[in-house]
Amino acid sequence: MAAHFYLNITILSTEAMLDSKIPGAKPASTGTSGKGFFSRHPVRSALHSAAVKGASTVLTGSRVAKKMGPKLVESMPKKMAEKGINAVVELKLVQGPYIVLKVTIKEVSAQHLLTKLGETNAKAAEVGNCLLACLPVEVLKKIQEEALAKKIATKMASVMGPHLTEEMGEKGLEVLAEGVAPSDQGEYLLEHLAALAPQSD
């Protein structure tokens, strides 16, 4: 039996990303810029800030969310597969700058987990491999689809949000990402939509 959780993502600001992509206005003269106040090129700085502000009114959180949602649906399962996790990601909602993804963990490779364990604890991995070799195929599959899937889903619900927030931040995109258990998603969704209602397109 597969286990799942919901990943809630809110695009808070695109300005940092735009700031890194929009070059500052070049000074009118190619000569020296002088010292002190004039060395800081206040006109160039003002033009750059205005350009970023203007672009952010076009590239809104809502527009970014519409593009980001489908991309995450495609990229996330591939990244998890590299870790021995068979997962499906579904785009459940895009409302303004708010995205809801349903992440379903279908199966987790016990062998992959033991291989990773072997990098830090070879003895424990050896014992684990011996146990796996003794298990009937159907029992091992049941463990991977139920016990391990549930355990990994619970863990990923707690760590994926902060990880995605940090990853997007490195790209200059300010987001808030939170993993939520199915039992709590309904309340979370209603509260979040109510808070974001004025920002929706």
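Notes on the structure follow. It should be emphasised that the depicted structure is a prediction, and the values quoted were computed from it without experimental measurement. (Residues numbered from 1 in each chain as written. Predicted model: local features only at pLDDT ≥ 70, side-chain atom pairs only at ≥ 80, totals over all residues. Heavy atoms only, no water.)

### What to know about helix α3 (residues 61–81)
Thought 1: Over its 21 residues, α3 runs 29 Å from end to end, which matches the ideal 30 Å to within 8%, given 1.5 Å per residue.
Thought 2: Along α3, the largest kink reaches about 30° and is centred on L72.
Thought 3: Taken together, the buried positions of α3 are occupied by G61, S62, V64, A65, M68, G69, L72, M76, P77 and M80. (Helix = DSSP H or I, 4+ residues; strand = E, 2+ residues; numbered from the N terminus. Expected span 1.5 Å × (residues − 1). Bend = angle between axes of the 7 residues up to and from the residue. Buried < 20%, exposed > 50% of the residue type's maximum accessible area, 1.4 Å probe, protein only.)

### Details of the pattern of salt bridges
Thought 1: Taken as a whole and assessed by the stated rule, the structure comprises 4 salt bridges.
Thought 2: K78 is paired through a salt bridge with E74; the nearest N and O atoms lie 3.6 Å apart. Here E74 and K78 lie together in helix α3, a separation of 4 residues that amounts to about one turn. Judged on exposure class, the residue K78 and its partner E74 are both exposed.
Thought 3: Notably, a salt bridge pairs E167 with K79, separated by 3.3 Å at the nearest N-O pair. One end of the pair, E167, is in helix α6 (residues 137–170); the other, K79, is in helix α3, and 88 residues separate them in sequence.
Thought 4: Connected via shared salt-bridge partners are K79, E167 and K171. (Salt bridge = Lys/Arg side-chain N within 4 Å of Asp/Glu carboxyl O.)

### Points about the sheet that holds strand β4 (residues 174–180)
Thought 1: Strand order in the open sheet made by the 4 strands is β2-β3-β1-β4, with antiparallel pairing throughout. The open sheet has two edge strands, β2 (85–95) and β4, and neither has a second partner. Looking at each pair of strands side by side, their axes are set apart by 20° on average, direction ignored.
Thought 2: Bridge analysis of strand β1 (residues 3–13) against β4 gives 7 bridges, and the strand direction is antiparallel. (Pairing = 2+ DSSP bridges. Axes fitted to C-alpha atoms, helices over the stretch in contact; angles between N-to-C directions.)

### Re the pairing of β2
Thought 1: Strand direction decides the pairing type here: β2 and strand β3 (residues 98–108), joined by 10 bridges, are antiparallel. By the bridge assignment, N86 is partnered in β3 with E107.
Thought 2: Linking β2 to β3, which pair antiparallel, is a turn of 2 residues; within it G96 sits at a positive phi near 60°.

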